[in-house]
Amino acid sequence: MIPATKLASSLLLAGAAGALYFAPKAITPATAEATAPATTAATYAIDNAHSWTHFRVNHMGIGTAFGQFRKFGGTIVMDEADLTKSSVSITIDADSIDTNNAGRDRHLKGGDFFSVKEFPEITFTSTAVKPGKKGVFAVTGLLKMHGTEKEVTAEVRQVGSGKGPRGQQRAGFEARFSVNRLDFGVDYMPQGLGKEVTVELAIEGVLGS
Amino acid sequence: MFLVVLYTAVLPGLAAGLAALAARAWLGVEGSVRCGALAVLLAFVTGFLLSFGSPMPIDASYQWVFWGGGGGATAALLLPRKIGASKPGGAGVPALAALLTAPFLYGMLLALVPRYLGRGELVLIGLSLGFAAAMTAWAAGDSARRLSAARLAPAWTVWAGLAAGVLMAGGSARMAQVAGFLAAAIGALMVLSWWQPTFAWLRRAAPPLVLILVLAAANLYWYGDDARAPALLLLLAPPLLHWLWARSRWAGRLPAAAEALLLTAASAAPLTWALLNATAGGGEDDLYSY
């Protein structure tokens with residue numbers, strides 16, 4: 001007859017060993033993928049090496065915190081003849097968040113904020129482009145983050161265009177918009193961190209790549 | 001910070017204490033076994049709603065902790081009174097913990113399929129942790145049956161309180177708050193147990209306490225970034241140590257304060273180790289105070 005204490009201890013250890021064995025394993029690393037809508041207009045692929053996605057948020061009402069997503073990709077379709085037919089599609093790898101502090105990055109990737117294993121990608125797909133004054137566009141689209149999709153409008157400005165060092169045609173843009181993070185369920189620490197997050201993008205696209 | 005303490009400890013603790021007193025008045029000694037479950041349920045729901053808001057559709061993994069914990073505490077409250085009262089631990093308590101843990105874990109971790117986990121692995125995780133939760137709940141329930149609430153409640157309060165520290169160190173302030181609700185509930189029961197030391201304040205608190213801690217730890221481990229499994233598994237160690245003591249020949253023979261201190265040390269030792277394990281390896285660039 002096995003004593004009850006030994007039996008219970010053995011069974012618990014077996015359960016714990018099972019849990020340890022099935023530790024999380026990344027089967028596929030998250031990658032930002034470009035998706036190009038079908039169009040005859042000029043299509044630029046985002047050059048990640050010369051593009052940035054930054055955000056800023058208030059910290060405790062005291063200061064401002066900055067961060068960025070390092071990995072992202074996508075396409076910009078420019079129709080010079082009719083700019084309203086232009087479009088933008090961006091996919092950001094949420095796991096690539098970088099706030100210049102490893103501990104904070106781990107916290108942001110976890111369930112308190114972005115929960116990147118659950119919601120690995122942040123996407124933006126434009127639905128309307130409205131040309132404005134002085135080369136500024138209002139690009140409206142659907143931002144999907146943390147499993148929630150909301151319409152946002154970004155103010156976009158073309159910085160310039162021309163040939164790069166390898167002869168490829170390039171075009172550069174800057175974009176800026178704000179979101180209320182609580183609208184996207186990124187709602188932890190509502191008193192400690194600002195609700196409004198300002199996102200700024202600096203993007204260089206390479207024609208036809 | 002004031003609001004965090006208010007929502008995590010003060011108000012959930014008050015809700016737990018008042019609920020237990022109300023249950024004590026309505027159910028009398030015969031029904032007292034249910035006081036613990038009601039206290040945990042009220043503290044947990046109060047803390048969760050105050051801290052994380054409502055309504056809460058299941059669209060993020062952490063919300064399964066709420067539904068699992070609330071469901072577990074409700075089921076423990078509604079279990080027939082005789083279950084766990086006459087035989088050591090009773091089969092109903094571990095069965096309840098296992099039956100609830102496995103499906104709620106499955107629901108919580110489903111978003112990781114197939115990117116990080118296969119469906120078969122998910123089933124095995126549910127079964128393994130469901131089994132671990134069942135055995136721990138059984139051990140905790142049996143300890144609560146054998147030892148007076150006044151002697152055991154301080155140890156359980158330290159267990160839940162240090163579990164909050166381990167979860168915080170592991171990278172989830174939200175799950176740390178969840179453990180904080182539990183510490184507040186058991187803390188309130190501890191105060192009540194000093195008033196009526198032999199009353200069964202803790203008995204039915206065991207299944208939801210274990211279930212919530214297992215779900216919170218699982219949420220941190222599988223959705224967090226680089227959480228350490230040994231530290232989280234140690235969260236289940238205190239009730240096993242209490243149970244070993246409760247089954248020993250010395251149980252109940254020491255003065256009350258000495259035994260309470262010993263049991264509290266049995267909570268503190270493994271969880272201090274867990275805290276050290278959870279925080280080990282961080283470099284200078286990891287220094288981060290939220």
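As the structure is a prediction and not an experimental result, all values here were calculated from the model.

Within chain A, the secondary structure is distributed over 2 helices and 11 strands. For chain A, the N- to C-terminal ordering of α and β elements is α-β-β-β-β-β-β-α-β-β-β-β-β. A total of 209 residues make up chain A; the buried ones form 33% of that total. Long-range pairs, those at least 24 residues apart, make up 56% of the contacts in chain A between residues at least 6 apart in sequence.

Helix and strand counts for chain B come out as 11 helices and 0 strands. From first element to last, N terminus to C terminus, chain B shows the α and β order α-α-α-α-α-α-α-α-α-α-α. Expressed as a percentage of its 290 residues, the buried residues of chain B come to 63%. Long-range contacts, defined as pairs at least 24 residues apart, comprise 82% of the intrachain contacts of chain B with a sequence gap of at least 6.

Here we take up the packing of helix α5 (residues 119-146) of chain B against helix α8 (residues 206-223) of chain B. All names here are of chain B. Contact geometry for α5 and α8: axes closest at 8 Å, N-to-C directions at 145°. Between α5 and α8 the crossing geometry is right-handed. Here α5 contributes L129, A133, T136, A137, A140, G141 and A144 to the contact with α8, which in turn contributes A206, P207, L209, V210, L211, V214 and A218. A breakdown of the residues in the contact of α5 with α8 according to their chemical character gives 12 nonpolar, 2 polar and no charged.

So, on to the pairing of strand β2 (residues 52-59) of chain A. All names here are of chain A. Pairing analysis gives 7 bridges linking β2 to strand β11 (residues 193-207), with the strands arranged antiparallel. Note that in β11 the partner of R56 across the bridge is T198. Where β2 and strand β3 (residues 63-69) come together, 7 bridges link them in antiparallel fashion. Within the sheet, the bridge partner assigned to T53 lies in β3 and is F69. Once β2 ends, the chain turns through 3 residues before running back antiparallel as β3, passing M60 with a positive phi of about 60°.

All names here are of chain B. Considering the arrangement of structural elements, one finds T198 in the loop between α7 (173-195) and α8. On the basis of neighbour count, T198 is assigned to the exposed category, with 10 C-beta atoms found within 10 Å. Measuring from C-alpha to C-alpha, the distance between T198 and P238 comes to 21 Å, with 40 residues separating the pair along the chain.

Turning next to unusual backbone geometry. The linkage connecting B:V113 with the following residue, B:P114, adopts the cis geometry, with an omega of 5°. Looking at the secondary structure, you find B:P114 in the loop between α4 (92-109) and α5. In this model, A:M60 sits at a positive phi of 60°, which is unusual for a non-glycine residue. Classification of A:M60 as partly exposed rests on a count of 13 C-beta atoms within 10 Å. For A:N100, which is not glycine, the phi torsion reads 70° and is therefore positive. Tracing the backbone through its elements, the reader meets A:N100 in the loop between β6 (97-98) and α2 (102-109). Judged by the 11 C-beta atoms lying within 10 Å of it, A:N100 falls in the exposed class.

We now examine α7(B). In a regular helix each residue adds 1.5 Å, so 23 residues correspond to 33 Å; α7(B) covers 33 Å between its end C-alpha atoms and thus fits that length. Judged by how many residues are buried, α7(B) sits mostly within the fold: 20 of 23 residues are covered.

To continue, consider the nonpolar core. When a protein is soluble and globular, its nonpolar side chains tend to lie buried together. With 125 residues, the main nonpolar core has B:A16, B:A39, B:V40, B:A179, B:A185 and B:L189 as its most contacted residues. Ignoring any residue separated from it by four or fewer positions in sequence, one finds B:V40 in contact with B:A16, B:A73, B:L182, B:A185, B:A205, B:P208 and B:L209. Core analysis: the second largest hydrophobic core is formed by 35 residues, A:F72, A:L108, A:F137 and A:Y188 among them.

Our focus in this paragraph is the environment of B:L78. All names here are of chain B. Here L78 is to be found in helix α3 (residues 63-78). We classify L78 as exposed; it has 11 C-beta atoms within 10 Å. Considered as a pair, L78 and L254 are 176 residues apart in the sequence and their alpha carbons are 34 Å apart.

All names here are of chain B. Contact pair α7 / α8: the axes reach a minimum separation of 10 Å and the direction vectors enclose 170°. It follows that α7 is roughly antiparallel to α8 by the angle criterion. Every residue of α8 that contacts α7 at M175, V178, A179 and L182 is listed here: L209, I212, L213, A216, N219 and L220. Looking at the contact of α7 with α8 residue by residue, the class counts come to 9 nonpolar, 1 polar and no charged.

All names here are of chain B. One can find A134 in helix α5. The buried category is assigned to A134, around which 27 C-beta atoms lie within 10 Å. Sequence separation between A134 and L100 is 34 residues, and the spatial gap between their C-alpha atoms is 9.5 Å.

Turning our attention to the confidence of the model for chain B. Looking at chain B as a whole, its pLDDT mean stands at 87, while 89% of the residues score no less than 70. Across the assembled chains, the prediction reports ipTM 0.81 with pTM 0.83.

Here the focus is the pairing of strand β4 (residues 72-78) of chain A. All names here are of chain A. Along β4, 6 of the 7 residues are buried, which leaves the element largely enclosed by surrounding structure. When strand β1 (residues 42-46) meets β4, the two strands line up antiparallel, connected through 4 bridges. Bridge assignment links Y44 to a residue of β4, and that residue is I76. Direction of pairing for β4 relative to strand β5 (residues 87-93): antiparallel, over a ladder of 6 bridges. By the bridge assignment, F72 is partnered in β5 with I92.

Rules used in this analysis
For every chain, the first residue of the written sequence is number 1, and numbering continues from 1 along that sequence. Here chains are named by letter from A upward and ligands by number from 1 upward, in the order in which they appear as written. Where local features are concerned, this predicted model is filtered to residues with pLDDT of at least 70; where side-chain atom pairs are given and counted, the filter is 80 or more; whole-chain, interface and lining totals use all residues. To qualify as a helix, a DSSP run of H or I must reach at least 4 residues; to qualify as a strand, a run of E must reach at least 2; elements of each kind are numbered from the N terminus. Neighbour counting defines burial: a residue surrounded by 20 or more other C-beta atoms within 10 Å of its own C-beta is buried, one with 12 or fewer is exposed, and intermediate counts give partly exposed, using backbone-placed C-beta atoms. Working definition of a contact: two residues with C-beta atoms, positioned from the backbone, lying within 7 Å. Helix axes are fitted only over the stretch in contact, all axes being lines through C-alpha atoms; the angle between N-to-C directions runs from 0 to 180 degrees. In this scheme, a crossing is called left-handed if the near helix is turned counterclockwise away from the far one by less than a right angle; it is called right-handed if the turn is clockwise. Residue classes follow a fixed rule: Ala, Val, Leu, Ile, Met, Phe, Trp, Tyr, Cys and Pro count as nonpolar, while Asp, Glu, Lys and Arg count as charged, and any other residue, Gly among them, counts as polar. Strand pairing is assigned whenever DSSP detects at least two bridges linking the two strands. What a helix is expected to span follows from its residue count: subtract one and scale by 1.5 Å. A set of buried Ala, Val, Leu, Ile, Met, Phe, Trp, Tyr and Cys residues, joined to one another through C-beta atoms within 7 Å, is what we call a nonpolar core. The labels follow the angle: roughly parallel below 35 degrees, roughly antiparallel above 145, roughly perpendicular from 65 to 115, and oblique for the rest. Per residue, pLDDT measures the predictor's confidence, with a range of 0 to 100.

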